[in-house]
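Here are the chains, one letter per residue:
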Amino acid sequence: LQERHRQRARSRGRRQEDVEAPQELPRSDEPSDNPLADLYELASRYPATSAIVYFQLDRYNLDYNARRTLQNFATRVTDYEEYPETNVYYIVGSADDSTGTARHNWGLSIHRTESVFNQLTKVQHVPARQLEKVHLGGVHLYSPKQLNRVCIVVLKDERSTPIIKKWGKDVRKD
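None of these values were measured; they are calculated from a predicted model. (Residues numbered from 1 in each chain as written. Predicted model: local features only at pLDDT ≥ 70, side-chain atom pairs only at ≥ 80, totals over all residues. Heavy atoms only, no water.)

Trainee: How should I be thinking about the nonpolar core in this particular structure?
Mentor: Note on soluble globular proteins: their nonpolar side chains tend to be buried together. Within the largest apolar cluster, 20 residues are counted, with the highest numbers of intra-cluster contacts made by Tyr89, Ile91, Val116 and Leu120. Breaking this core down by element, the ones donating at least two residues are β1 (50–54), α3 (64–77), β2 (89–96), α4 (102–123) and β4 (150–155). Top contributing element to this core by residue count: α3, with five residues. Setting aside chain neighbours within four positions, we find isoleucine 91 in contact with Thr113, Val116, Phe117, Leu120, Leu131, Glu132, Lys133, Val134, Cys151, Ile152 and Val153. The next biggest cluster of nonpolar side chains, apart from the first, holds 18 residues, and it includes Leu42, Leu136, Ile163 and Trp167. (Core = buried A, V, L, I, M, F, W, Y, C linked by side-chain atoms within 4.5 Å. Buried < 20%, exposed > 50% of the residue type's maximum accessible area, 1.4 Å probe, protein only. Helix = DSSP H or I, 4+ residues; strand = E, 2+ residues; numbered from the N terminus. Contact = heavy atoms within 4.5 Å.)

Trainee: Sorry if this is basic, but what is going on with the packing of aromatic side chains here?
Mentor: Where two aromatic rings form a pair, the distance of their centres and the angle of their planes describe that pair. Within the structure shown, the criterion is met by one aromatic pair. Between phenylalanine 73 and tyrosine 89, the ring centres sit 5.3 Å apart and the planes meet at 85°, which makes this aromatic pair edge-to-face. Here tyrosine 89 lies in strand β2 and phenylalanine 73 lies in helix α3, a separation of 16 residues in the sequence. Neither residue differs from the other here; phenylalanine 73 and tyrosine 89 are each classed as buried. Above the plane of the ring of phenylalanine 117 lies lysine 133, whose end atom (NZ or CZ) is 4.3 Å from the centre. Note that arginine 159 overlies the ring of tyrosine 46, its terminal NZ or CZ placed 3.9 Å from the centroid. (Phe/Tyr/Trp six-rings, centres within 6.5 Å; stacked < 30°, edge-to-face > 60°. Lys NZ or Arg CZ within 6 Å of the ring centre and 35° of its normal.)

Trainee: Help me out: how do you make sense of the side chain of asparagine 87 in this one?
Mentor: Checked against the element boundaries, asparagine 87 lands in the loop between α3 and β2. Residue asparagine 87 is classed as buried on the basis of its relative accessible area, which comes to 15%. Once you skip the residues sitting within four places of it in the chain, asparagine 87 turns out to touch Gln130 and Leu155.

Trainee: Got a minute to help me understand the pattern of salt bridges in this structure?
Mentor: Any two side chains of opposite charge can pair, given that their charged atoms come close. As enumerated under the stated definition, the model contains six salt bridges in all. Put simply, glutamate 114 and lysine 133 hold a salt bridge, and the shortest N to O gap is 2.7 Å. Separated by 19 residues along the polypeptide, glutamate 114 in helix α4 and lysine 133 in strand β3 (residues 131–139) bring together distant segments of the chain. Taking relative accessible area as the criterion, glutamate 114 reaches 23% and is therefore assigned partly exposed. On the basis of relative accessibility, which here comes to 13%, the residue lysine 133 falls in the buried class. Glutamate 132 serves as the salt-bridge partner of lysine 156, at 2.8 Å between the closest nitrogen and oxygen. With lysine 156 in the loop between β4 and α5 (161–166) and glutamate 132 in strand β3, this pair connects stretches of sequence that are 24 residues apart. On the basis of relative accessible area, lysine 156 is assigned to the partly exposed category, the value being 34%. Residue class for glutamate 132 comes out buried when judged on its relative accessible area of 15%. One connected set of salt bridges, linked through shared partners, spans Asp157, Glu158 and Arg159. (Salt bridge = Lys/Arg side-chain N within 4 Å of Asp/Glu carboxyl O.)

Following this line, the structure appears as structure tokens:
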């Protein structure tokens, strides 16, 4: 199935980019000056309660890998014997600010967050009350640039909330 998906993408003239999270991440309980680094760290430390979804340049549609990642995440977090139904998760969307205007990138981060939210609620049936949307807009925090074109889903807790609060002046929640 994956091979057929890749062939279809190639036949449409699109390229599949396999982007991996950065290898070296800071290990600290204090928020750094890089919210994506902090969120990547949480996602790598606690993969059972997080998900990372990458996007193509100037796109907010979910590809096969993104849908699969969100399906796996939803399967884990809706196992209420393992994870309480009262858990809430941040969906944090961003865009690469090296292209487009600030307004365009802000809108793109909103669309990416909405795409992830809709996939989780409408397709995977995660209750909307368990999800909180946060938008970073255009960022230039990582190289390669693809790492900035991301939505990171993390558990809302004592580790993630300080990160969101620190960036409150630059972040809007729906």
